[in-house]
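Chain residues, written in single-letter form:
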Amino acid sequence: MDELKNIAPELSKIKKENPFGVPPHYFDDFSARLQMKIEAEKVVLPSPKNKIIQFLKPALSLAASFALIFLLVYFPLKTFNNAQVAENSDSDTELTNDDYLTLLEGMDENSFYALLNEPTSTDEFSDDELLNYLGSNVSDYDIYLETDF
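Trainee: Give me the lowdown on the pattern of salt bridges, citing residues and values where you can.
Mentor: In this structure the tally under the stated criterion is 2 salt bridges. Residues Glu10 and Lys13 are paired through a salt bridge, measuring 3.7 Å at the closest nitrogen-oxygen approach. In terms of burial, Glu10 and Lys13 fall into one category: exposed. Note that Arg33 is salt-bridged to Asp29, the shortest N-O span being 3.5 Å.

Here you go:
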């Protein structure tokens, strides 16, 4: 103790007692207060009424999360793909064989026969227009194969 006075005189002046304590008359009615709290907890706890909802709640939350993820991924991709298709359709105007087959599959029999019986167009092309078309779209070898000798 003398050593503490020499090292830290201010610290040695502090009394050595417990600063914490119980409020006066705290334990006089403690058992009654505890019993009231226990009774209140018994009344508050209701029994589960509908167990089907308890079983379906995880499945419904999982389905809702999948739907949310689908919507967050599907619509941006759909928008991106539609924009890309629109760009490609501007640059690519030729129909392929698959496109013709798709058009024919969607057509009923009466419409198909009406198209076959419809008179062809009477547009006439000049020789220069035909030569320009053949020169740009058909090779000499293709023209040679089409001629009959």
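Still to come is the rest of the account.
Trainee: Run through unusual backbone geometry, naming residues and quoting values.
Mentor: For His25, which is not a glycine, the phi torsion comes out positive at approximately 60°. Position of His25 among the secondary structure elements: in the loop between α2 (9–12) and α3 (30–44). Taking relative accessible area as the criterion, His25 reaches 64% and is therefore assigned exposed.

Trainee: Explain a negative patch on the surface to me, using residue names and the numbers behind them.
Mentor: On the surface, Asp140, Asp142, Glu146 and Asp148 cluster together into a negatively charged patch. Within the secondary structure layout, Asp140 lies in helix α8 (residues 140–146). Of the residues examined, Asp140 reaches a relative accessible area of 66% and is grouped as exposed.

Trainee: Hey, could you go over a nonpolar patch on the surface for me, with residue numbers and the actual values?
Mentor: Residues Leu62, Phe66, Leu68, Ile69, Leu72, Val73 and Leu77 make up a contiguous nonpolar surface patch of about 720 Å² in total accessible area. Within the element layout of this structure, Leu72 appears in helix α4 (residues 51–91). Its relative accessible area of 59% is what places Leu72 among the exposed residues.

Trainee: Summarise the packing of aromatic side chains; cite the residues concerned and give the values.
Mentor: As enumerated under the stated definition, the model contains 5 aromatic pairs in all. Between Tyr26 and Phe27, the ring centres sit 5.0 Å apart and the planes meet at 85°, which makes this aromatic pair edge-to-face. Classification of Tyr26 as partly exposed rests on a relative accessible area of 33%. A network of ring pairs unites the aromatic residues Tyr26, Phe27 and Phe30 as a single cluster. Against the face of Tyr26 rests Arg33, its NZ or CZ located 4.8 Å from the ring centre.

Cut-off values and rules
- The residue numbers shown here count from 1 along each chain, following its written sequence.
- Whole-chain, interface and lining totals are the exception, using all residues; otherwise, since this is a predicted model, local features are given only for residues with pLDDT of at least 70 and side-chain atom pairs are given and counted only at 80 or more.
- To get the side-chain values, take all heavy atoms of the structure and skip hydrogens and water.
- Any carboxyl oxygen of Asp or Glu that lies within 4 Å of a side-chain nitrogen of Lys or Arg is treated as forming a salt bridge with it.
- In this scheme, a residue with accessible area under 20% of its type's maximum is buried, one over 50% is exposed, and one in between is partly exposed, where area comes from a 1.4 Å probe on protein chains only.
- A run of H or I in DSSP counts as a helix once it spans at least four residues, and a run of E counts as a strand once it spans at least two, with each numbered from the N terminus.
- Nonpolar side chains (Val, Leu, Ile, Met, Phe, Trp, Tyr) within 5 Å and like charges within 9 Å form the patches, drawn only from residues with over 30% relative accessible area and no salt bridge.
- Surface accessibility follows the Shrake-Rupley procedure with a 1.4 Å probe radius. Residue values consider only the protein chains on display as shielding.
- As used throughout, the charge tally considers Lys and Arg to be positive and Asp and Glu to be negative, leaving His and the chain termini uncounted.
- Lys charges are placed at NZ, Arg charges at CZ, Asp charges at CG and Glu charges at CD.
- Any Phe, Tyr or Trp ring, taking Trp's six-membered ring, that has another such ring centre within 6.5 Å forms a pair; planes under 30 degrees apart are called stacked, those over 60 apart edge-to-face, and the others tilted.
- We call a charge positioned above a ring when the Lys NZ or Arg CZ atom is no farther than 6 Å from the ring centre and deviates by at most 35 degrees from the ring normal.

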